[in-house]
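# Inside the fold
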Amino acid sequence: MNIAHRAAEATRRRAWRQGVAWLLVAWLVAGCSAVRLVPDYDADAARGITDTAAAVFAVYDRMIEMRAANPRLPYAEMRDDWGRVETQIRVMALREQARPLNSDSTAVAATILGFWQKYREAHARSSDYGLRLMVIHRDRFQRLFTAALKAEQAKKLAAPDTDPAAETEGASP
Amino acid sequence: MKIDWPVLFRDALGAARSAVEKNAPQIEDFLREIGRAHEDAIRSIGDAYADGDIDAETFASELDDEAATLAAELRVAAVMSKAIAQRAANAFRDTVLAGVNAAVAAVL
């Protein structure tokens, strides 16, 4: 009777300990979800940034060559390029905006779009685009696209088992 | 079930600190880089104005655009900081979870 009683008590205590342990596990799983401050790195988004950057630089290179060879650069000559690339920048901005926790990259994309529209409007208004100003604007876009790409690559820093120091090297588009 | 909480928290803090120490210098490098680019850009705009290639209105507008560009670049530093904070917080959490799970497994 005594032995049976002790065995039952031991079983009850073991069951109680196991119950507490499982409760602790359940609490940890439910209550300690991983911290999320930035979205995951998105290779498609990074490709979208470099593709859009390439389109912007191609238009600027063309404009710089044309303006260097001519006294003026009429807007009509470049209207299609301005429009085509603006569409591409809008798509890039939309992609950034659609991702959760992505306000910083969204702001960079919005800045790029805002400048593109501003410089397009100025070109349309004066029907010329000064060579010196064009070079300044091209370099500014270069910095902004580099920022957009670095912001995307910085998201790799959040992953626990990567070596982002190596991955963020040479991030310029 | 016995959990050595002081050791567990020491390990967790060590994991978080390691995540920050390893990656934080990237932010400093980046800030230095954008500082240099900003200086170069301001110099180019100033030279263009001094040479008469842009008028006063354009000069002022370009300085505004340059400020907006710098603000956009600083957003990258914000992403880096958030990503490093996420990595550190999760390293802390993972270490605590692993320690508690090991103690629970010993009981089970």
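Thresholds, definitions, all that
- Residues numbered from 1 in each chain as written.
- Chains lettered and ligands numbered in written order.
- Predicted model: local features only at pLDDT ≥ 70, side-chain atom pairs only at ≥ 80, totals over all residues.
- Heavy atoms only, no water.
- Helix = DSSP H or I, 4+ residues; strand = E, 2+ residues; numbered from the N terminus.
- Buried < 20%, exposed > 50% of the residue type's maximum accessible area, 1.4 Å probe, protein only.
- Contact = heavy atoms within 4.5 Å.
- Areas by Shrake-Rupley, 256 points an atom, 1.4 Å probe, with all protein chains shown as cover.
- Salt bridge = Lys/Arg side-chain N within 4 Å of Asp/Glu carboxyl O.
- Polar contact = N/O pair within 3.5 Å; in protein donor to acceptor, adjacent residues only side chain to side chain.
- Nonpolar A, V, L, I, M, F, W, Y, C, P; charged D, E, K, R; others polar.
- Axes fitted to C-alpha atoms, helices over the stretch in contact; angles between N-to-C directions.
- Parallel < 35°, antiparallel > 145°, perpendicular 65-115°, else oblique.
- Left-handed = near helix turned anticlockwise from the far one by under 90°.
- pLDDT = per-residue confidence, 0-100.
- Core = buried A, V, L, I, M, F, W, Y, C linked by side-chain atoms within 4.5 Å.
- Phe/Tyr/Trp six-rings, centres within 6.5 Å; stacked < 30°, edge-to-face > 60°.
- Lys NZ or Arg CZ within 6 Å of the ring centre and 35° of its normal.

### Examining the overall build of chain A
- Helix and strand content of chain A: six helices and zero strands.
- Reading the secondary structure of chain A in the N-to-C direction produces α-α-α-α-α-α.
- Expressed as a percentage of the 173 residues in chain A, the buried residues total 42%.
- Sequence separation of at least 24 residues holds for 76% of the intrachain contacts in chain A that already meet a minimum separation of 6.
- When the accessible surface of chain A is split by element, carbon and sulfur atoms take 57% of a total near 9200 Å².

### Overview of the interface of chain B and chain A
- Listed as interface residues are 46 residues of chain B and, on the opposing side, 44 residues of chain A.
- Linking chain B to chain A there are eleven salt bridges.
- Of the charged contacts in the structure, one is a salt bridge between D104(A) and K82(B), with a shortest N-O distance of 2.8 Å.
- Our count for the chain B to chain A interface comes out at 18 residue pairs in polar contact (both at pLDDT 80 or more).
- When contributions to the side of chain B that touches chain A are tallied by element, the ones reaching two or more residues are α1 (5-23), α2 (25-50) and α3 (56-107) of chain B.
- Per element, the largest residue contribution to the side of chain B that touches chain A is 28 residues, and it comes from α3(B).
- A breakdown of the residues in the side of chain B that touches chain A according to their chemical character gives 23 nonpolar, ten polar and 13 charged.

### Brief notes about the packing of helix α4 (residues 103-126) of chain A against helix α5 (residues 131-154) of chain A
All names here are of chain A.
- Contact pair α4 / α5: the axes reach a minimum separation of 9 Å and the direction vectors enclose 160 degrees. Classed by the angle they form, the pair α4 and α5 counts as roughly antiparallel. Crossing of α4 against α5: the hand is left-handed. Across the interface between the two elements, S105, V108, T111, I112, F115, W116 and Y119 of α4 pack against H137, R140, F141, L144, F145, A147, A148 and A151 of α5.
- Residues of the contact of α4 with α5, tallied by class, amount to eleven nonpolar, three polar and one charged.

### Considering the confidence of the model for chain B
All names here are of chain B.
- Predicted confidence across chain B gives a mean pLDDT of 93, with 99% of residues reaching 70 or more.
- Per-residue pLDDT, averaged within each element of chain B, yields its smallest value for α1 (90) and its largest for α2 (96).
- Reported confidences for the modelled complex are a pTM of 0.84 and an ipTM of 0.90.

### Topic: the nonpolar core
- Y60(A) and F141(A) are the most contacted members of the largest nonpolar core, which totals 54 residues.
- Residues within four places of Y60(A) in sequence aside, it is in contact with W82(A), W116(A), Y119(A), Y129(A), M134(A), H137(A), R138(A) and F141(A).
- Ranked by size, the runner-up nonpolar core spans seven residues in total, among them I3(B), V96(B), V100(B) and V104(B).

### Side note on the packing of helix α2 (residues 43-69) of chain A against helix α3 (residues 75-98) of chain A
All names here are of chain A.
- Viewed as axis vectors pointing N to C, α2 and α3 meet at an angle of 160 degrees, and their least axial separation amounts to 10 Å. Here α3 runs roughly antiparallel to α2, going by the angle between their axes. Here α2 runs over α3; the crossing is left-handed.

### Here's the deal with the environment of D80(A)
Residue and element names in this part refer to chain A.
- Tracing the sequence through the fold places D80 in helix α3.
- Exposure remark for D80: the relative accessible area of 66% places this residue in the exposed category.
- Residues D80 and E65, 15 residues apart in the sequence, show an inter-C-alpha distance of 17 Å.

### A few points about unusual backbone geometry
All names here are of chain A.
- Backbone geometry places L101, a non-glycine residue, at a positive phi of 60 degrees.
- In this fold, L101 is placed in the loop between α3 and α4.
- Positive phi outside glycine occurs at S127, with the angle close to 50 degrees.

### Notes on the packing of aromatic side chains
All names here are of chain A.
- Per the counting criterion, the structure on display carries 13 aromatic pairs over all chains.
- Ring geometry for Y60 and W116: centres 6.1 Å apart, planes at 75 degrees, overall edge-to-face. Placement of the pair is Y60 in helix α2 and W116 in helix α4, with a sequence separation of 56 residues. In this pair, the class of Y60 matches that of W116, namely buried.
- Relative to F141, the ring of Y119 has its centre 5.8 Å away and its plane inclined at 80 degrees; by these criteria the two rings are edge-to-face. A residue pair is termed long-range when its members are at least 10 positions apart, and Y119 in helix α4 and F141 in helix α5 qualify at 22 residues.
- An aromatic cluster is built from Y60, W82, F115, W116, Y119, Y129 and F141, whose rings are joined through pairwise contacts.
- Its end group placed over the ring of F115, R140 keeps NZ or CZ at 5.8 Å from the ring centre.
- Lying over the aromatic face of Y41, K156 brings its terminal NZ or CZ to 4.4 Å of the ring centre.

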